[in-house]
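# Fold and geometry: a report
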2 protein chains.
Amino acid sequence: MEGKKFLRLLSLLLVTFILFIFIFIRNSDLPSSKNFHYVNKAAAELELQPPPRKLTRHVHVSDMARHPLDPLTVQEMNRVRSIVISHVLFKAAKCYALHSVVLEEPPKPLVIRWKEGDPLPPRKASVIARVDGGTHMMSVDLGSGRVEFVDVGQVSGYPTMTIEDMNTATFTPFGSKEFNQTVVARGVDLKDLACLPISTGWYGKKEEKRRLIKIQCYSMEETTNFYMRPIEGLTVIVDMDSNQVLEISDNGSDIPIPQATNTEYRFSAQKNIHHKIKPINPISIEQPKGPSFTVENGHIIKWANWEFHLKPDPRAGVIVSRAMFRDPDTGELRNVMYKGMTSELFVPYMDPSDAWYFKTYMDAGEYGFGLTAMPLDPLNDCPRNAYYMDGVFAAGDGRPYVRSNMVCVFESYAGDIGWRHSESPITGMEICEARPKVTLVVRMAASVANYDYIVDWEFQNDGLVNIKVGLSGILMVKGTPYTNLDQVSNQEGLYGTLLSENVIGVIHDHYITFYLDMDVDGSDNSFVKVNLQRQQTSPEESPRKSYLKATRSIAKTEKDAQIKLKLYDPSEFHVVNPSKKTRVGNPVGYKVVPAGTAASLLDLDDPPQRRGAFTNNQIWVTPYNRSEEWAGGLFVYQSHGEDTLATWSERDREIENKDIVVWYTLGFHHIPCQEDFPIMPTVSSSFSLKPVNFFERNPILGIPPNFEKDLPVCQATSSTS
Amino acid sequence: MEGKKFLRLLSLLLVTFILFIFIFIRNSDLPSSKNFHYVNKAAAELELQPPPRKLTRHVHVSDMARHPLDPLTVQEMNRVRSIVISHVLFKAAKCYALHSVVLEEPPKPLVIRWKEGDPLPPRKASVIARVDGGTHMMSVDLGSGRVEFVDVGQVSGYPTMTIEDMNTATFTPFGSKEFNQTVVARGVDLKDLACLPISTGWYGKKEEKRRLIKIQCYSMEETTNFYMRPIEGLTVIVDMDSNQVLEISDNGSDIPIPQATNTEYRFSAQKNIHHKIKPINPISIEQPKGPSFTVENGHIIKWANWEFHLKPDPRAGVIVSRAMFRDPDTGELRNVMYKGMTSELFVPYMDPSDAWYFKTYMDAGEYGFGLTAMPLDPLNDCPRNAYYMDGVFAAGDGRPYVRSNMVCVFESYAGDIGWRHSESPITGMEICEARPKVTLVVRMAASVANYDYIVDWEFQNDGLVNIKVGLSGILMVKGTPYTNLDQVSNQEGLYGTLLSENVIGVIHDHYITFYLDMDVDGSDNSFVKVNLQRQQTSPEESPRKSYLKATRSIAKTEKDAQIKLKLYDPSEFHVVNPSKKTRVGNPVGYKVVPAGTAASLLDLDDPPQRRGAFTNNQIWVTPYNRSEEWAGGLFVYQSHGEDTLATWSERDREIENKDIVVWYTLGFHHIPCQEDFPIMPTVSSSFSLKPVNFFERNPILGIPPNFEKDLPVCQATSSTS
């Protein structure tokens, strides 16, 4: 065991050393960095590995783009790479890295006009690169090989870190004698060290002009759940471009490292507690005739009356495009949403002290919500009959690698009811009609270091889309001298909850902002607030003193659509197509239906809140603009917050009867509790996009009930029966 | 067809006539009212009918009470009846009816002390009767046969209607020539008439001193969904005790009766629309080894680490009692909740006009949330492997009848994740651990005339209880001359949405108030508000300007615990046991976790809001008091609202470290849309009771993941494969 760990450390150090070389030797082809190892392993898997658990595995090297929105293929990425690195800028560069290589989506009209069978619009790649310390954005035409540089203006901030950035930064401190001495002084053996790269955010001069990252470390002695064993107060500031240690601060020398006891969560490591939990008989969602959805050309999902394009994305995680619903009455395929995705996250921790104040993550723009989405575990992350989609992403040197099983698609049936009615004996009719509710779920799970975000896009056959975020994984905890609350005079001074001896779960928020380019029966839509207000009556009017009146108001400009939800001033939020009406004259629409959520309460002038200003409202509406997709700005790493959704919205552009984008922010306040130790039961919340007068009538009136004869016949497998 | 309908009308008239006789001939034994027919049919089922769809059907006539909280058995009800009707009050009475015959639950300490095997505490019945126009509440000792009259004070209001009340009232107008003429004048054939009994509420003198009900009617010509064909503006006021028609108002003569077109929802009646909806392959929750829960003695449910007592109730629907959780670390069975149930509903419609202003239903206290819960449809209301529980209720004459399959209990697996974590490549550990989330659901569905309320108590193996209410069924709609919005000058004047030609879906709210007698590790608990507030920092303190600080405050008295939820002043709401702490010193507790909800905005002095004052806050906490179980008061029918939860709470009693009851109100604003026509896709919302430092750590750390070998092997049935 000990030996193994030591070997691992050695190899990590080796890897780091080689990484340095890679960074400094331009266009290095050494396939030897940790990440390249990973890349090649993935690449190898394509051909060699047998598909695990009966999954059919695409051979991505021969993938072809078949839809204008299909992501770049392995071949296309290689082509982009060769185009880019042969460009003079790169040829002349001392060092560079590609931070983003994704499809540059064709203009909306082209995509909308495109039909199966048509030739694809010119394939282009959008590339973001760091070259000799400068950031460049390029549009690369795969056909002509032409490279156009995109002017991104003079905004602050840096592109999303590459996996190499994170790796390198994590191992950089190992090069510092002072660091190693400090670690040993804290009683941790170097071979037990695990470190994390933590984005610094921006708080002023100190975080300007250099691409910085803060490294904090943990002891993995006797546990894989090192997150519960922080070396509290030890923070190393590293320059990500020069890979230098700039500063080491240790103000936690008096804080013991929490014990490993009870921190393990792996099943293989559980021993004495199973018998205390009543075991549950096998239970499974079964579809002996197979699932009812189809996946065409790798990315078009068709289920019930839904049809949409689905693709993994290194920054957004998953992107749902061209979501359309076939009207059960007319048979017509109707537009609902052009593009929907997770745009940005904001996760501020609520501890102002030296080792914590800067923890205000923006996971999509800093770490890559897709880059951190790991392979899903069949049968546990997704049920049987799930379809798994791989992500094909570019490494820092532009080489493609495969993130297998990154997204799953499955049908869900929880025993819920789509609609029902029974007649009571009063009317004498013996009627009981009920319909089972079956949905289609698209799922990914991003593991941004300790935390796991489960994002579900759930499609209902009645046209509703429920977007759900589940929080699980492991808390970012703080070391403390305290082992019991009775030692604590000022509980608020803990900035959180004492979860275990010497372990504090620090209070934090989670905000997940979604980009929803709604195209309800066409691109030109309006945002309508249907406000409910008390209306007093006059004595002669009614024995009632009051009732609720619904008032519709159309948002003319962006500021009309900056929405803070209010329980005592409620509204519905409709996206309607003003030029299309139902038979009886209602404008067809979809509404945004919030559920449980939280609002950011930080000072608007607090640097983190300025950068996370897109959480200042729960709902925003902007006119469609290709360059406005990332709520925190294109370059959020160390950004000053001058290029966020809030800034755009302040322009107060016209949004009536225009191609509009709706932004919704789902929020969580998280005051940790002991149940979150050592790993958190999933907590989730959601919001919905619900048809409102989009259909002439209930669109699932015609679905059949379940009949016994149609249901499967099952038996326990021989291995267990 | 026509003939059939006419026969039905005749028989209904006959039934009505006989009902009159029943009401006036004391202690009539004629088993001939519609309801008795129903009773006997149910009784017959017990012995004769083969259990449908493999359900094991209890023979209730031989049921025995085995737990102090078990509902009255068939035998016990017969005994109660014979005791009561031989009591002098009833012997001397000209007419009477029993409005409620339920178990009088033994004092809490007795129940808590009771252990399996102990003799049952004395069995008593709580009886509410109307005798010669007066209301009486009695405690009936089944052993001694002693009848004690309970002083209910001088409060307004009448008991919950009996099924006979509703039936009689519905048919009473048929006796009026004027009514029949009006109906014919509105172009409706009497044989096509379907009428509904609508509670009048209270608006002043007019609704005092007499037990009144308003009857409104519909045409069922060419549809079973008569609700969509209102004879708008026709309202008949009936005296429920004398069965007289007091007033007939018709102010809708200019309003056509909407067409039957597209109103049918029964599967058998659907024709030309199926093919337009993509059919879905059979999908089912399968458990080849059977469900993992057991039902002991008919009412004790045991699943995973949960154990609780479950019973149907004529007023509350279902009652969950003695909910306990076995601690996975200690093996100890720990108290969580002594009693939880739906206490009252409040459903105000938002139309002040003559035929609508009074529609402000309180479904539990006026109609009986359990009395209106119809048999569930196996495979569609509940999945395979569900266990069905019957309700045994008393008819108006005290005779027991069986409401079969009224409640179902099943395990649900939707493909969700209990907890998960993957390690990213950064740390080099190859870990992906995920656990499937399986839950236990207790479900009932009340069909209060047109509306269907689906109430789910969902138990998670991590100790969380999610209480979900689904709204489906059929809208209460209003007739209108309009066939298209372009004819409408003032849309707000519609008080709702034009759903179809001549049909308006009127805006309304739904409030469902839950009674939650929490006993967290014992009866004496405290209610703690954990408030999150922005804390500004000083420049030298931190580069951060602000963070969120959690402040705990214990509610000393009831007024401290009158909670209005605020997005921008958020709190957690803990029920803690101040005398029990975790290993590291946190008080053990459960928290109430609201999700999406709505608040009543009616004028506090509006009569309906005075009666529904229990919705003035989302959360209330009261000291345990046997007589305070029904948020709207014991007698809500036509009550003036002087005996509601709001009144009790105003006493501002002490609640710190006491046996406390938490009340939570779940709310919905419903602005109907065309998708709700002719039947509504289910809309649901929920709230949770979540352990907070109740366990030392994640209680489901030890549950195993799914393994392929354990999962069932299924095949499509021969009939379909």
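Everything quoted here is computed from the prediction, not taken from an experiment.

Counting secondary structure elements, chain A contains 10 helices and 32 strands. Compactness check: chain A gives a C-alpha radius of gyration of 27 Å against a globular reference of 27 Å for 721 residues, within 12% of the reference. For chain A, the C-alpha atoms occupy an extent of roughly 85 × 70 × 65 Å along the three principal directions. In the form shown here, chain A has an accessible surface area of approximately 23,900 Å², with 54% of it arising from carbon and sulfur atoms. Here chain A carries 76 positive and 87 negative side-chain charges, and the mean point of each set is 2 Å from the other.

All names here are of chain B. On the basis of which strands lie adjacent, the open sheet formed by three strands has the order β21-β23-β22 and antiparallel pairing. Pairing within the sheet leaves two strands with one partner each, and these edge strands are β21 (477-479) and β22 (496-500). For this sheet the average axis-to-axis angle between neighbouring strands, irrespective of direction, equals 40 degrees. The pairing of β21 with strand β23 (residues 503-506) spans three bridges and is classified as antiparallel. Residue pairing for β23: Gly479 is matched across the bridge by Val503.

We now examine the domain arrangement of chain A. Residue and element names in this part refer to chain A. Taken domain by domain, chain A consists of domain 1 (74-149), domain 2 (163-276) and domain 3 (296-523 + 554-691). Using only C-alpha atoms to locate each centre, domain 2 and domain 3 end up separated by 30 Å. On the side of domain 3, 39 residues touch domain 2, which itself brings 39 residues to the contact. Buried area between domain 2 and domain 3, both sides added, is near 3,200 Å², and the carbon and sulfur share of it is 62%. Joining domain 2 to domain 3, the criterion identifies zero salt bridges. Where domain 2 touches domain 3, the interface holds 18 residue pairs in polar contact (both at pLDDT 80 or more). Elements represented by at least two residues in the side of domain 2 that touches domain 3 include exactly α6 (163-171), β5 (193-199) and β6 (212-219). Per element, the largest residue contribution to the side of domain 2 that touches domain 3 is five residues, and it comes from β6. Across the side of domain 2 that touches domain 3, the residue classes tally to 18 nonpolar, 12 polar and nine charged.

Another point: the UniProt feature "active site" (unreviewed entry) in chain A. Residue and element names in this part refer to chain A. UniProt annotation of "active site" (unreviewed entry) refers to Asp363 and Tyr451 when read in the numbering used here. On the basis of their most widely separated C-alpha atoms, the annotated residues across 89 residues gather in one place, lying no more than 10.4 Å apart. For the largest cavity, the lining residues among the annotations just cited are Asp363 and Tyr451. Assignment of secondary structure puts Asp363 in helix α8 (residues 363-366). Residue classification places Asp363 among the buried residues on the basis of a relative accessible area of 3%.

With that settled, the discussion passes to the relation of the copies chain B and chain A. In this arrangement, two copies of a chain are superimposed by a rotation about an axis accompanied by a shift along the axis. Between chain B and chain A, the superposition needs a rotation of 180 degrees and an axial shift of 0.0 Å, giving an RMSD of 0.0 Å. Both copies are brought into coincidence by an operation consistent with a two-fold rotation axis. Mapped onto chain A, 100% of the interface residues of chain B again fall at the interface, so both copies present the same surface.

Residues and elements named next belong to chain B. Across the two faces of β23 the burial is the same, with Val503 and Gly505 and Ile504 and Val506 all buried. Bridging between β22 and β23 involves four bridges; their strand directions are antiparallel. Opposite Gly496, over in β23, you have Val506 as the bridge partner. Counting the residues in the hairpin turn of β22 and β23 gives two residues, including Asn502, whose phi is positive at 65 degrees.

The terminal C-alpha atoms of helix α3 (residues 74-85) of chain B, which comprises 12 residues, lie 16 Å apart, in line with the 16 Å expected from a rise of 1.5 Å per residue. Buried within α3 of chain B are the following residues: Val74, Glu76, Met77, Val80, Arg81, Ile83, Val84 and Ile85 of chain B.

Summed over the entire model, instances satisfying the criterion amount to 62 aromatic pairs over all chains. Note on Phe514 of chain A and Phe687 of chain A: the rings are 5.4 Å apart at their centroids and 55 degrees apart in plane angle, and the pair reads as tilted. With Phe514 of chain A in strand β24 (residues 508-518) and Phe687 of chain A in strand β31 (residues 680-692), this residue pair connects regions lying 173 residues apart in the sequence. Residue classification places Phe514 of chain A among the buried positions, given a relative accessible area of 0%. Given a relative accessible area of 1%, Phe687 of chain A falls into the buried group. Ring centres of Phe171 of chain B and Phe174 of chain B lie 6.2 Å apart, and the angle between their planes is 45 degrees; this geometry places the pair in the tilted category. This pair shows no difference in class: Phe171 of chain B is buried, exactly as Phe174 of chain B is. Through successive ring pairs, a cluster of aromatic residues spans Trp306, Phe308, Phe325, Phe459, Tyr590, Phe694 and Phe695 of chain A.

What follows covers the environment of Gly368 of chain B. Residues and elements named next belong to chain B. The residue Gly368 is located in the loop between α8 (363-366) and β16 (387-394) in this model. Taking relative accessible area as the criterion, Gly368 reaches 0% and is therefore assigned buried. Separated by 206 residues in sequence, Gly368 and Thr162 have C-alpha atoms that sit 8.5 Å apart. Sequence-distant contacts of Gly368, that is, excluding residues within four places in its chain, are made with Thr160, Pro314, Arg315 and Asp363.

Another point: the sheet that holds strand β23 (residues 503-506) of chain A. Pairing between the strands of a sheet is mediated by backbone hydrogen bonds and can be parallel or antiparallel. All names here are of chain A. With respect to topology, three strands assemble into an open sheet ordered β21-β23-β22, the strand pairing being antiparallel. Edge positions in the sheet fall to β21 (477-479) and β22 (496-500), since each has one partner strand and no second. Looking at each pair of strands side by side, their axes are set apart by 40 degrees on average, direction ignored.

So, about the UniProt feature "modified residue: 2',4',5'-topaquinone" (unreviewed entry) in chain A. All names here are of chain A. Per the UniProt entry, the sites bearing "modified residue: 2',4',5'-topaquinone" (unreviewed entry) are Tyr451 in this numbering. As for its placement among the helices and strands, Tyr451 is situated in strand β19 (residues 451-460). A relative accessible area of 3% places Tyr451 in the buried class. For Tyr451, the residues in contact, after removing those within four places along its chain, are Tyr349, Ala446, Leu471, Ser472, Ile474, Leu475, His508, His510, His670 and Met680.

Turning our attention to unusual backbone geometry. All names here are of chain A. With an omega dihedral of -5 degrees, the bond running from Phe677 to Pro678 counts as a cis peptide bond. One can find Pro678 in the loop between β30 (658-670) and β31. Of note, Asp652 is a non-glycine position whose phi angle comes to about 55 degrees, a positive value. Structurally, Asp652 is set in the loop between α10 (645-650) and β30. In this structure Asp652 comes out as partly exposed when scored by relative accessible area, which is 26%.

Residues and elements named next belong to chain A. Here Val188 is to be found in the loop between α7 (177-185) and β5. Overall, the relative accessible area of 4% leaves Val188 in the buried class. Along the backbone, Val188 and Ser219 are 31 residues apart, and their C-alpha atoms lie at a distance of 6.5 Å. Apart from residues lying up to four places away in sequence, Val188 is in contact with Val183, Leu193, Ser219, Ile231 and Ile257.

Turning to the interface of chain B and chain A, a few remarks are in order. At the junction of the two partners, chain B supplies 204 residues and chain A supplies 205 residues. Where chain B abuts chain A, roughly 18,300 Å² becomes buried across the two surfaces, and 57% of that area is made up of carbon and sulfur atoms. Taken as a group, Ile283, Ile426 and Arg544 of chain B account for 5% of the area that chain B buries against chain A, more than any other trio of residues on that side. Counting the contacts that link chain B with chain A gives 16 salt bridges. A salt bridge links Asp452 of chain A to Arg420 of chain B; the nearest nitrogen and oxygen atoms lie 2.6 Å apart. Summed over the shared surface of chain B and chain A, the result is 102 residue pairs in polar contact (both at pLDDT 80 or more). It is strand β17 (residues 400-422) of chain B that contributes the most residues to the side of chain B that touches chain A, 14 residues altogether. Residue composition of the side of chain B that touches chain A, grouped by class: 96 nonpolar, 57 polar and 51 charged.

Okay, the pattern of salt bridges next. Residues and elements named next belong to chain A. Enumeration over the complete set of coordinates arrives at 92 salt bridges over all chains. Salt-bridge contacts for Arg651 lead to Glu628; the nearest nitrogen and oxygen are separated by 2.8 Å. One end of the pair, Arg651, is in the loop between α10 and β30; the other, Glu628, is in the loop between β29 (619-623) and α10, and 23 residues separate them in sequence. We classify Arg651 as partly exposed; its relative accessible area is 49%. Connected through salt bridges with shared partners, the residues Glu105, Lys311, Lys339 and Glu629 form a single ionic network.

Calculation rules
Residues numbered from 1 in each chain as written. Chains lettered and ligands numbered in written order. Predicted model: local features only at pLDDT ≥ 70, side-chain atom pairs only at ≥ 80, totals over all residues. Heavy atoms only, no water. Helix = DSSP H or I, 4+ residues; strand = E, 2+ residues; numbered from the N terminus. Rg over C-alpha atoms; globule rule 2.2 N^0.38 Å. Areas by Shrake-Rupley, 256 points an atom, 1.4 Å probe, with all protein chains shown as cover. Lys, Arg positive; Asp, Glu negative; His and termini not counted. Charge placed at Lys NZ, Arg CZ, Asp CG, Glu CD. Pairing = 2+ DSSP bridges. Axes fitted to C-alpha atoms, helices over the stretch in contact; angles between N-to-C directions. Domains from an automatic or database assignment. Contact = heavy atoms within 4.5 Å. Buried area = accessible area lost by both parts, 1.4 Å probe. Salt bridge = Lys/Arg side-chain N within 4 Å of Asp/Glu carboxyl O. Polar contact = N/O pair within 3.5 Å; in protein donor to acceptor, adjacent residues only side chain to side chain. Nonpolar A, V, L, I, M, F, W, Y, C, P; charged D, E, K, R; others polar. UniProt positions renumbered as here; feature names shortened; annotations may be inferred. 1 Å grid on protein atoms, 1.4 Å probe; cavity = no way out; pocket = protein on both sides within 12 Å on 5 of 7 lines; lining within 4 Å. Buried < 20%, exposed > 50% of the residue type's maximum accessible area, 1.4 Å probe, protein only. Least-squares fit on C-alpha atoms with pLDDT ≥ 70 in both. Expected span 1.5 Å × (residues − 1). Phe/Tyr/Trp six-rings, centres within 6.5 Å; stacked < 30°, edge-to-face > 60°.

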